[in-house]
There are 2 protein chains.
Amino acid sequence: MFGLMQDWPLLLHRIIDHAATFHGPRKVITRSVEGPIVETDYRAIRARALLVAQRLERDGIAPGDRVATLAWNTWRHLEAWYGITGIGAVYHTVNPRLFPEQIVWIVNHAEDRVMMADLTFVPLLEKIADKLPTIERYIILTDAAHMPATSLKNAVAYEDWIAEADGDFTWRSFDENTAAGMCYTSGTTGHPKGVLYSHRSNVLHAFMAALPDSKNLKSSDVCMPVVPMFHANGWSLAFSTPMVGATLVLPGAKMDGASIYELLDTYKVSFTAAVPTVWLMLLQDLEKTGGKLPYLRRVVIGGSACPRAMTQKFEDIYGVEVVHAWGMTEMSPLGSLCTMKPEYAGLTGEARLDVQMKQGHPPFGVEMKITDDAGRDLPWDGKTFGRLKVRGPAVARSYYKGEGGEVFEPGGWFDTGDVATMDPCGYMQITDRAKDVIKSGGEWISTIDLENLAVGHPKVAEAAVIGVAHPKWDERPLLVIVLKKGETATKDDLLAFMQGRCASWWMPDDVVFVDEIPHTATGKIQKIELRKRFAGYVLPGVGV
Amino acid sequence: MFGLMQDWPLLLHRIIDHAATFHGPRKVITRSVEGPIVETDYRAIRARALLVAQRLERDGIAPGDRVATLAWNTWRHLEAWYGITGIGAVYHTVNPRLFPEQIVWIVNHAEDRVMMADLTFVPLLEKIADKLPTIERYIILTDAAHMPATSLKNAVAYEDWIAEADGDFTWRSFDENTAAGMCYTSGTTGHPKGVLYSHRSNVLHAFMAALPDSKNLKSSDVCMPVVPMFHANGWSLAFSTPMVGATLVLPGAKMDGASIYELLDTYKVSFTAAVPTVWLMLLQDLEKTGGKLPYLRRVVIGGSACPRAMTQKFEDIYGVEVVHAWGMTEMSPLGSLCTMKPEYAGLTGEARLDVQMKQGHPPFGVEMKITDDAGRDLPWDGKTFGRLKVRGPAVARSYYKGEGGEVFEPGGWFDTGDVATMDPCGYMQITDRAKDVIKSGGEWISTIDLENLAVGHPKVAEAAVIGVAHPKWDERPLLVIVLKKGETATKDDLLAFMQGRCASWWMPDDVVFVDEIPHTATGKIQKIELRKRFAGYVLPGVGV
């Protein structure tokens, strides 16, 4: 027997409708790519999103078609998302930080029909346009006054393009499982993999993200998503912020410390979110200028592990609550947030920081477990680490076109590829990537823990740990070190420093000194390259 | 094209699974019906809910079957809801405050197969059991030691009954639109009407209810739902509280001021919710004892309009934020909450109270509009009032067995039967019931506004206003007055008092003095009876 409740599909345009109706005059403030600050509001965003929708249909864009965006966080990009999804088409955010050949590959794989791009990216697109045969039209997110002369096919200024629509248009109706958005993961191996969000997954995820123990978003907040919309579905802020009617401040293309500070201060931003690199720049700027953060209440830090010193500075010096978060493109992206449960709420100082170094606990809607390689559940003791697996309505079940390998297990669990601990209070902490963890005699050694330990040595600039084949233990750790300029150190120096700071069986079997460690485009250590380089390495005490 | 996200239906048992997994040791504290305080936690609640589920299946209860509960807010009642819904059966909360013949009608209409009842209600059930042929078994929510001798069919103590299960059981899987709960509205006319909630509607509604601008529930809260679970789906607290992992304090059968205060103080309750009557008793008790409310942060007041003086006392004397709320059984029940948007956040004193007298704004997931009788939208100016209509995934689309009249309009709007204003900031305020509002020359007059005005007269004990037929204006207001004991007053006294305090065309055409005004079982004025009584009334100046 079914319930007798209304059939009200979870569609994204309902979010902007709600914002326009109940929070219509709330501001959306952008540092435009052209330069000046532009202020608009949710009512206008909705009205112009309807123009986008109507105009896309007139260009023949149909449900399911992909519309690429290569754009910073601006009000036009926000309108574009709602306009695209409002006709059942799919926004495909392209990360401009990828190598041009990766962008070409992704756009061709997605078979995008339209490209909406910021002024910033016109030169890049002109270089690769002849390799993008599926793109029928380039819409440059600017007005006629700023429109450059360009060779791009059917190029038009966004403002001119939407001016051709009259807004006499209603959102299209469709199933809530209809595809809404697409984002490719930048895998370290193989081709990028396309994650395809639905209206339902985005709406449910926005609920999860806005809850008090998640981002705690409300209409009186002034919310600045520094994390770009092209980074892991923009951390849901394009949905969760209008859902609650909070003021939105969008930083456009300028994400240096001084520019971010100016927005934080001028618009009294109460909530913001970005990767650690951005906050490092901000904190350096504040130290230089003596600036304060009197309005900022909460900062969400994710994308990579948040350094302890960063959390400490935000909280102790600036009085800003830090929420360490973790997620993945495949999870829409929110997985967990390190907000304080009552068991930890009373902690202060180092004990509180210890908890804040964890990636936190999931909201309702994300299931989580850790298992060994055989898929057996592991204990939640804060020490045992295993493969982190997740399940939920905003977690991917497969990749676009069925490509990208088998990470989806029976029972619907998605193997995150991360290795983590769970503590007795249900807080998760990432220990390593599954492909990097060293399996020594059936036990696992975290390369990240060893690297963090080694970089604590005053002469070390960078450290990487990889597993090297061992006849008895299968694998044993090899420590690869780049010394600071002009410094010298020996293997014994390093090992003596680490001795007693980790389990004795975790101690690296050998240390090698190199000039440089290879990195990916996004600055991560390329362990796959390192492992290739040391593939034949013979550890001390191992007969050839 | 569909998205590629996991199929993860919104099922209620996922809420208690989440609470048990990530908030397992968080307490659930009950003042038991037997007397003592009983403490348990979410982990145990889930484990015992599984016993309920297993045991119900063994008794032959199948998906879609209705299981009645006639019970106070206790941990056993909570377990029962999750156990019942975990096999796809339907909890049917019966309001013990109804007249026995109404309970008989409702249980028979629902065709309940099992009755779970508190000790308190055994005598009542024994009196009506022979009129409840569909009930196969009575489960008394107590243990063997407290089990009374009873004639009830197959009666068993809940603790003995679940002890027969071993808990080796998994929740059943089914579509998220499966019926989960049922609650009858106590209509003032005709038979009660059955509202049938689904798993999906309850889960989505719990998200809406927990948001920061709604109830703002988090794991560090200590939440006491004084509103009974049998009142309008228990205001979602049985779902939204475990969803966020907040501590739960359940008051059982004792809802007098002193008992409520004892729980608030002993367990440091931070959030609570109930109808104004409960808070009137609490405030009277506090005035008598000099008690304070140092832990209480927020109180949600709904069910009927919250008096201005009550809001003022809570905020000014006790430092407790009052959130005026409105909903309906047909809305799961949340419709709107009067939390402060930035436009109103800076108000203080009387200006703030003016806003707090409004019923507030809806969360995402509730659409709202006001229309005239022809269905045309009316302006949101805070003055114009019209029929309040709502839409959303947790709003009913029809009543059980298709009975209960036509309130569902084209476009899916549910006519609430209320008349309301909407202000420019999107705050709704109830003005009257649609069937009570007086239509005079095409314009509407609020009977509630006139009644509130009349009871301000020092000699008036109670006032009711009804529309009486008028040859020129269709209807004109008649003021019906019960004077305080020993007082005397004339029609002119009353009219002189009201003159200048309302629009001149709102002024009652006549005043009659009566000894008593008829009331419903729940204490509301029975206007239908009054209208019958004055059906032939001839207003002054109207020729016969």
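A brief structural summary. (Residues numbered from 1 in each chain as written. Chains lettered and ligands numbered in written order. Predicted model: local features only at pLDDT ≥ 70, side-chain atom pairs only at ≥ 80, totals over all residues. Heavy atoms only, no water.)

Residues and elements named next belong to chain A. Counted at 1.5 Å a residue, the expected span for helix 2 (residues 42-58) with its 17 residues is 24 Å, and the 24 Å between its end C-alpha atoms agrees. When we look at burial in helix 2, the residues that qualify are Tyr42, Ile45, Arg48, Ala49, Leu50, Leu51, Val52, Ala53, Gln54, Arg55 and Leu56. With a side-chain oxygen positioned 3.1 Å from the backbone nitrogen of arginine 43, the residue opening helix 2 is aspartate 41. One or two steps after helix 2, the chain reaches glycine 60, where phi turns positive at roughly 85°. (Helix = DSSP H or I, 4+ residues; strand = E, 2+ residues; numbered from the N terminus. Expected span 1.5 Å × (residues − 1). Buried < 20%, exposed > 50% of the residue type's maximum accessible area, 1.4 Å probe, protein only. Polar contact = N/O pair within 3.5 Å; in protein donor to acceptor, adjacent residues only side chain to side chain.)

We now examine the packing of aromatic side chains. Using the criterion set out here, one finds 33 aromatic pairs over all chains in the structure. Plain terms: the ring middles of Phe22(A) and Trp380(B) are 5.5 Å apart, the flat faces sit at 45° to each other, and that makes the pair tilted. Here the residue Phe22(A) occupies a position in helix 1 (residues 12-22), and Trp380(B) occupies one in the loop between strand 16 (367-371) and strand 17 (386-391), the pair thus bridging two chains. Overall, the relative accessible area of 23% leaves Trp380(B) in the partly exposed class. Note on Tyr91(B) and Phe239(B): the rings are 6.4 Å apart at their centroids and 45° apart in plane angle, and the pair reads as tilted. You can see Tyr91(B) sitting in strand 4 (residues 90-93) and its partner Phe239(B) sitting in helix 8 (residues 237-244), a full 148 residues away along the chain. Exposure remark for Phe239(B): the relative accessible area of 1% places this residue in the buried category. Three or more aromatic residues link up through ring pairs in this structure, and these residues are Trp8(A), Phe207(A), Phe364(A), Trp8(B), Phe207(B) and Phe364(B). Over the aromatic face of Trp8(B) sits the side chain of Arg14(B), whose NZ or CZ is 4.2 Å from the ring centroid. The ring of Phe497(B) has Arg501(B) lying over it, and the distance from NZ or CZ to the ring centre is 4.3 Å. (Phe/Tyr/Trp six-rings, centres within 6.5 Å; stacked < 30°, edge-to-face > 60°. Lys NZ or Arg CZ within 6 Å of the ring centre and 35° of its normal.)

With an RMSD of 0.1 Å, the fit of chain B onto chain A corresponds to turning through 180° and sliding 0.0 Å along the axis. The relationship between the two copies is best expressed as a two-fold rotation axis. The residues that chain B uses at the interface reappear at the interface of chain A in 100% of cases, marking a shared surface. (Least-squares fit on C-alpha atoms with pLDDT ≥ 70 in both. Contact = heavy atoms within 4.5 Å.)

Each side of the interface is counted separately: chain B has 75 residues, and chain A has 75 residues. For the pair chain B and chain A, the summed buried surface comes to about 6,000 Å²; carbon and sulfur atoms form 65% of the total. At the boundary of chain B with chain A, the tally comes to six salt bridges. Arg26(B) is the salt-bridge partner of Glu343(A), the closest N and O atoms lying 2.5 Å from each other. Along the contact surface separating chain B from chain A lie 31 residue pairs in polar contact (both at pLDDT 80 or more). Examining the composition of the side of chain B that touches chain A, we find that seven residues originate from one element, helix 7 (residues 199-210) of chain B, more than from any other. (Buried area = accessible area lost by both parts, 1.4 Å probe. Salt bridge = Lys/Arg side-chain N within 4 Å of Asp/Glu carboxyl O.)

Let's shift gears to the packing of helix 1 (residues 12-22) of chain B against helix 2 (residues 42-58) of chain B. Residue and element names in this part refer to chain B. At a minimum axis distance of 7 Å, the contact between helix 1 and helix 2 shows a crossing angle of 140°. Classified by the interaxial angle, the pair formed by helix 1 and helix 2 is oblique. Note that helix 1 runs across helix 2; the crossing there is left-handed. Every residue of helix 2 that contacts helix 1 at Ile16, Asp17, Ala19 and Ala20 is listed here: Tyr42, Arg43, Ile45 and Arg46. Along the lines of polarity and charge, the residues of the contact of helix 1 with helix 2 split into five nonpolar, no polar and three charged. (Axes fitted to C-alpha atoms, helices over the stretch in contact; angles between N-to-C directions. Parallel < 35°, antiparallel > 145°, perpendicular 65-115°, else oblique. Left-handed = near helix turned anticlockwise from the far one by under 90°. Nonpolar A, V, L, I, M, F, W, Y, C, P; charged D, E, K, R; others polar.)

Moving on: the environment of Asp423(B). Residue and element names in this part refer to chain B. Relative to the assigned elements, aspartate 423 resides in the loop between strand 18 (414-422) and strand 19 (428-433). Relative accessible area serves as the criterion here: at 2%, aspartate 423 is assigned to the buried category. In this structure, aspartate 423 is in contact with Tyr344, Lys358, Trp380, Asp381 and Gly382, ignoring residues within four places of it in sequence. One polar contact links the side chain of aspartate 423 to the main-chain amide nitrogen of cysteine 425, over a distance of 2.8 Å.

All names here are of chain A. With eight of its eight residues buried, helix 8 (residues 237-244) lies for the most part within the structure. For helix 8, every residue scored as buried is listed here: Leu237, Ala238, Phe239, Ser240, Thr241, Pro242, Met243 and Val244. Where helix 8 ends, the next residue or the one after it, glycine 245, has phi of about 75°, a positive value.

A word on the pairing of strand 15 (residues 334-337) of chain A. Residue and element names in this part refer to chain A. Examined bridge by bridge, strand 14 (residues 321-327) and strand 15 share three bridges and lie antiparallel to one another. From the neighbouring strand, tryptophan 326 faces strand 15, where its bridge partner is serine 336. In this antiparallel pair of consecutive strands, strand 14 and strand 15, the connection spans six residues, and serine 332 shows a positive phi of 80°. (Pairing = 2+ DSSP bridges.)

Ranked by size, the top nonpolar core spans 186 residues in total, and within it Met116(A) and Met116(B) carry the most contacts. The residues contacting Met116(B), other than those within four sequence positions of it, are Val52(B), Leu56(B), Val67(B), Ala68(B), Thr69(B), Leu70(B), Ala80(B), Ile84(B), Ile139(B), Leu141(B) and Trp161(B). (Core = buried A, V, L, I, M, F, W, Y, C linked by side-chain atoms within 4.5 Å.)

Glancing now at the environment of Asn154(A). Residue and element names in this part refer to chain A. Among the structural elements, asparagine 154 can be located in the loop between strand 6 (137-140) and strand 7 (156-157). Sequence separation between asparagine 154 and tyrosine 138 is 16 residues; the distance between their C-alpha atoms is 6.1 Å. Once you skip the residues sitting within four places of it in the chain, asparagine 154 turns out to touch Glu136, Arg137 and Tyr138.

Residues and elements named next belong to chain A. Strand order in this open sheet of four strands is 16-17-18-19, and the pairing throughout is antiparallel. A strand with exactly one partner marks an edge of an open sheet, and here the two such strands are strand 16 (367-371) and strand 19 (428-433). Strand-to-strand twist of the sheet, defined as the mean angle between neighbouring strand axes without regard to direction, takes the value 50°. As judged from the four bridges shared by strand 17 (residues 386-391) and strand 18 (residues 414-422), these two strands associate in the antiparallel manner.

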